[in-house]
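Residues per chain are reported as follows:
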Amino acid sequence: MARPPHIVSGQAGTGWLTRSIVVALLAWLAAAPLQAGQFNVSPVKVTLPARAKATSVTITNNGRKPLALRIRLYAWDKHEGEDRLQAAEDLLVTPPILKLEPGRAQIVRIGRPAEIPVPAVEKAYRLVVSELPLPGEGQAESTLALRSLLEISVPVFVPPARPDKRLEWTLQPGPQPAAATVSVRNAGTVHSKLTRLRLLDAGGQLLAESQKMLYALPQQQARTPLLLSRPLRTGETLKLEYTLDHAVRVIELKAP
């Protein structure tokens, strides 16, 4: 299971605490019947041109019950290869809280209070839409039912003046002989969305595979652990296959 983003600063820290409590309660009542809210956010990736004042997403309640939702916007970066979120200060989201009846949709706007210069390096954010418990829910303990709260996170990007993609890959030993970590540093100015990493030996034998989606943010590093089918031999030549922009790429790496 992927580690949750590390959220810092006042308001953001409260959100992380709330989600931690929900996760703990869900684990405690794993055998109880669960009812999840049903909503979606469209589009699944948002671009806000630096000269534009605003953009928007649409949230739709696909379920049979009313939903209360909280919408927050975070600046997004990487810290030691892991996602980190901080409350955004240069963009605003409205409305921050809404109630959606079944089958209804609501437009949520993302905008800036004033025009900002086109960035030299792409700026990244996360729009986090969290379901809130409705009044009266969770109070009848005798029902042994806990309503699971759904949360959706959508990436938001403000593109730079000159897009440039340059990835630098490294392979590092893991905590065990049959484990390794693939790290990628984005030396470019825009993000790269990576999927389906496959590590093969020189003869084409598959050593490890990861279906985890990985965002390499510009001027930052991302990483993903791999479980190997066999220990690596020091200095052996390996092939790393990955999907970037729906195209499969292949590079060579040396085992550490």
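Residues numbered from 1 in each chain as written. Predicted model: local features only at pLDDT ≥ 70, side-chain atom pairs only at ≥ 80, totals over all residues. Heavy atoms only, no water.

### A word on the sheet that holds strand β13 (residues 179-186)
Two strands in a sheet stick together by hydrogen bonds in their backbones, pointing the same way (parallel) or opposite ways (antiparallel). The strand order across the open sheet built from 3 strands is β12-β13-β17, with neighbouring strands paired in antiparallel fashion. Looking at which strands have only one partner, the edges of the open sheet turn out to be β12 (167-173) and β17 (221-227). Strand after strand, the sheet turns through a mean of 20° between neighbouring axes, direction not considered. Summarising the sheet, β13 and β17 pair through 7 bridges and their orientation is antiparallel. Paired with Ala 180 across the two strands is Leu 226, which belongs to β17. (Pairing = 2+ DSSP bridges. Helix = DSSP H or I, 4+ residues; strand = E, 2+ residues; numbered from the N terminus. Axes fitted to C-alpha atoms, helices over the stretch in contact; angles between N-to-C directions.)

### Notes on the packing of aromatic side chains
Per the counting criterion, the structure on display carries 4 aromatic pairs. Geometrically, the ring pair formed by Trp 76 and Tyr 215 is edge-to-face, given 5.4 Å between the ring centres and 80° between the ring planes. Here Tyr 215 lies in strand β16 (residues 214-216) and Trp 76 lies in strand β5 (residues 67-79), a separation of 139 residues in the sequence. Tyr 215 matches Trp 76 in its accessibility class, with the two residues each being buried. Measuring from centroid to centroid gives 4.7 Å for Trp 169 and Tyr 242, while their planes differ by 40°, and the two rings are tilted. Here Trp 169, found in strand β12, pairs with Tyr 242, found in strand β18 (residues 237-244); they are 73 residues apart in sequence, far enough to count as distant. Classification of Trp 169 by relative accessible area gives buried; the value is 11%. Residue classification places Tyr 242 among the buried residues on the basis of a relative accessible area of 7%. Three or more aromatic residues link up through ring pairs in this structure, and these residues are Trp 76, Phe 157 and Tyr 215. Seen from the ring of Trp 76, Arg 126 lies directly overhead, with NZ or CZ sitting 4.2 Å from the centre. (Phe/Tyr/Trp six-rings, centres within 6.5 Å; stacked < 30°, edge-to-face > 60°. Buried < 20%, exposed > 50% of the residue type's maximum accessible area, 1.4 Å probe, protein only. Lys NZ or Arg CZ within 6 Å of the ring centre and 35° of its normal.)

### As for the pairing of β5
Counting buried residues along β5, 10 of its 13 residues qualify, which places the element largely inside the surrounding structure. In terms of strand pairing, β5 meets strand β8 (residues 97-100) through 4 bridges, oriented antiparallel. In the strand pairing of β8, Ala 68 is matched with Lys 99. For β5 and strand β6 (residues 82-87), the ladder comprises 6 bridges, and the chain directions are antiparallel. From the neighbouring strand, His 79 faces β6, where its bridge partner is Glu 82.

### Some points on the nonpolar core
A general trend in soluble globular proteins is that nonpolar side chains are found buried together. In this structure, Ile 59, Leu 69, Ile 71, Leu 73, Leu 127 and Val 129 are the most contacted members of the largest nonpolar core, which totals 24 residues. Those elements giving two or more residues to this core turn out to be β2 (39-42), β4 (54-61), β5, β8, β9 (105-111), β10 (123-132) and β11 (151-158). Counting residues per element, this core draws most heavily on β5, at 4 residues. Residues Trp 169, Ala 208, Ala 216 and Leu 238 belong to the second largest nonpolar core, which totals 21 residues. (Core = buried A, V, L, I, M, F, W, Y, C linked by side-chain atoms within 4.5 Å.)

### Details of the pattern of salt bridges
Across all of its chains, the model carries 13 salt bridges by this definition. The salt bridge involving Arg 166 is made with Asp 164; its shortest N-O contact spans 2.8 Å. Judged by relative accessible area, Arg 166 falls into the partly exposed class, the value being 44%. Take Asp 164: its relative accessible area is 27%, and that puts it in the partly exposed class. Across the pair Arg 198 and Glu 241 runs a salt bridge, and its minimum N-O distance is 2.9 Å. With Arg 198 in strand β14 (residues 192-201) and Glu 241 in strand β18, this pair connects stretches of sequence that are 43 residues apart. Looking at Arg 198, the relative accessible area reads 17%, which means it is buried. Glu 241 sits in the partly exposed class, given a relative accessible area of 22%. Shared partners join several salt bridges into a network, and the residues in it are Arg 196, Arg 198, Glu 209 and Glu 241. (Salt bridge = Lys/Arg side-chain N within 4 Å of Asp/Glu carboxyl O.)

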